[in-house]
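What follows is the residue order along each chain.
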Amino acid sequence: MEEINLYSDTQTLPTEEMRKAMYEAEVGDELSGEDVTVINLEEKAAAMLGKEAAVYVTSGTQGNLVAILSHCSKADEILVGSESHIFWNENASVSTIVGAQLRLIQNQSDGSLDVNQLKESIRPLSSPQFPYTKLICLENTHNRCNGAAISLEHTNEVATIAHNNDIKLHIDGARIFNASVALGIEASELVENADSITFCLSKGLSCPVGSVLCGTKDFIDEARRWRRMLGGGMRQAGIIAAAGIVGLNQMVDRLAIDHSTAKSLAYKLSEIPGITIDPDTIQSNIVIFEIDPNISAAREVVNGLKAKGVKVSTYGSIIPNGGQYIRMVTHRHIGEEDVDSAAMALSEVMQSLHAA
Ligand SMILES: *Cc1c(COP(=O)(O)O)cnc(C)c1O
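We now turn to the structure provided with this report. (Residues numbered from 1 in each chain as written. Predicted model: local features only at pLDDT ≥ 70, side-chain atom pairs only at ≥ 80, totals over all residues. Heavy atoms only, no water.)

### Notes on the nonpolar core
Residues Ile176, Phe177 and Phe199 are the most contacted members of the largest nonpolar core, which totals 53 residues. Setting aside chain neighbours within four positions, we find Phe199 in contact with Ala45, Leu49, Gly173, Ala174, Ile176, Phe177, Ser211, Val212, Cys214 and Leu248. In this structure, Leu265, Ile272, Ile326 and Val339 belong to the second largest nonpolar core, which totals 31 residues. (Core = buried A, V, L, I, M, F, W, Y, C linked by side-chain atoms within 4.5 Å. Buried < 20%, exposed > 50% of the residue type's maximum accessible area, 1.4 Å probe, protein only. Contact = heavy atoms within 4.5 Å.)

See below:
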């Protein structure tokens, strides 16, 4: 039985071209600025995101943390979405390592921030009791909000609010190229008014390792110091960076395929009794749907799918209603026939749980 892996786009394997580029990569001591392949990757990434400079980091989590360390100090306050990866999935790094505090701004179902709440949450400088509001973070695409692509208008509106108040804007763009492809807007335009952006090579772009943080030259110089402190300084990292260059050259445009398989998956799921999903809301490669709690807990559905060779994960919801949610993510190894089989398997699992 061939497994259908809808668990995450992080589980994509490197392509033949990547393995070949990795084998042939010219390398040196990265930390000393002597690895030309890493330098090429960083220059290419900076150019694609329209920023002056970039630094190769080990993961998206490290990229976000290095960005926050570079923008903020101890006792500052950072405004992030209530459903953001930085808040949910990064081990409280901002409180433990930065020594700053996160303040949550309600994410709307389209992944945008509640702009009124955002404005009201910026601290006045008048009180010695208040932390300084130093940074706003946006997430694009938004993982927990069904892979929503954040619009250029919203990004620019948030950037204007930030900059009018002498606050920086960081974009957690783990899947920024999915957003770019979904919206039909160049990534560089989408992040033009952001002060920094992190994106992942290791997700839909199929690379084995790595993320890139982009910003101004001064900011990236500072980021390199923090990356070193976190143990992210590397040596002959051109071996892995070579795959990143292939990813940026060859894997961006094809993300449109993942979006179209996700869309057809969502339509098929919407026809299954006991499943709630609005396929029209699916913009990229992430499909989150609700299970009728009268039929089953999400965990049991996940186990039932596993027995049929379909790997997925349970998922929290942006509506804190205790609902039972499952996430499916499409990527390079998923075709239309896999989507058909997965929907069929889910339909059978739901029927047998309903009968039980
Ligand atoms: C995956 C992800 C990250 C972190 O990436 P890792 O490489 O897993 O550390 C950050 N933000 C979002 C939105 C993500 O989906």
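Here the narrative resumes, following the displayed structure.
### Some details on the side chain of Arg175
Here Arg175 shows up in the loop between strand 6 (168-172) and helix 8 (176-183). Separated by 2.8 Å, the side chains of Arg175 and Asp9 make a polar contact. Residues within four places of Arg175 in sequence aside, it is in contact with Ser8, Asp9, Asn140, Thr141, Asn143, Lys203, Asn285, Ile286 and Arg327. (Helix = DSSP H or I, 4+ residues; strand = E, 2+ residues; numbered from the N terminus. Polar contact = N/O pair within 3.5 Å; in protein donor to acceptor, adjacent residues only side chain to side chain.)

### Observations concerning the pattern of salt bridges
A complete count under the given rule lists 13 salt bridges for this structure. The salt bridge partner of Glu42 is Arg224, with a shortest N-O separation of 2.9 Å. One end of the pair, Glu42, is in helix 2 (residues 36-49); the other, Arg224, is in helix 10 (residues 217-229), and 182 residues separate them in sequence. You can call Arg224 partly exposed: its relative accessible area is 29%. As a salt-bridge pair, Lys308 and Glu348 come within 2.9 Å of each other at their nearest N and O atoms. Taken together, the residues Lys308 in the loop between helix 13 (298-307) and strand 11 (310-311) and Glu348 in helix 14 (residues 336-355) connect sequence positions 40 residues apart. Residue Glu348 is classed as partly exposed on the basis of its relative accessible area of 36%. One network of salt bridges, in which partners are shared, links Glu77, Arg103 and Arg123. (Salt bridge = Lys/Arg side-chain N within 4 Å of Asp/Glu carboxyl O.)

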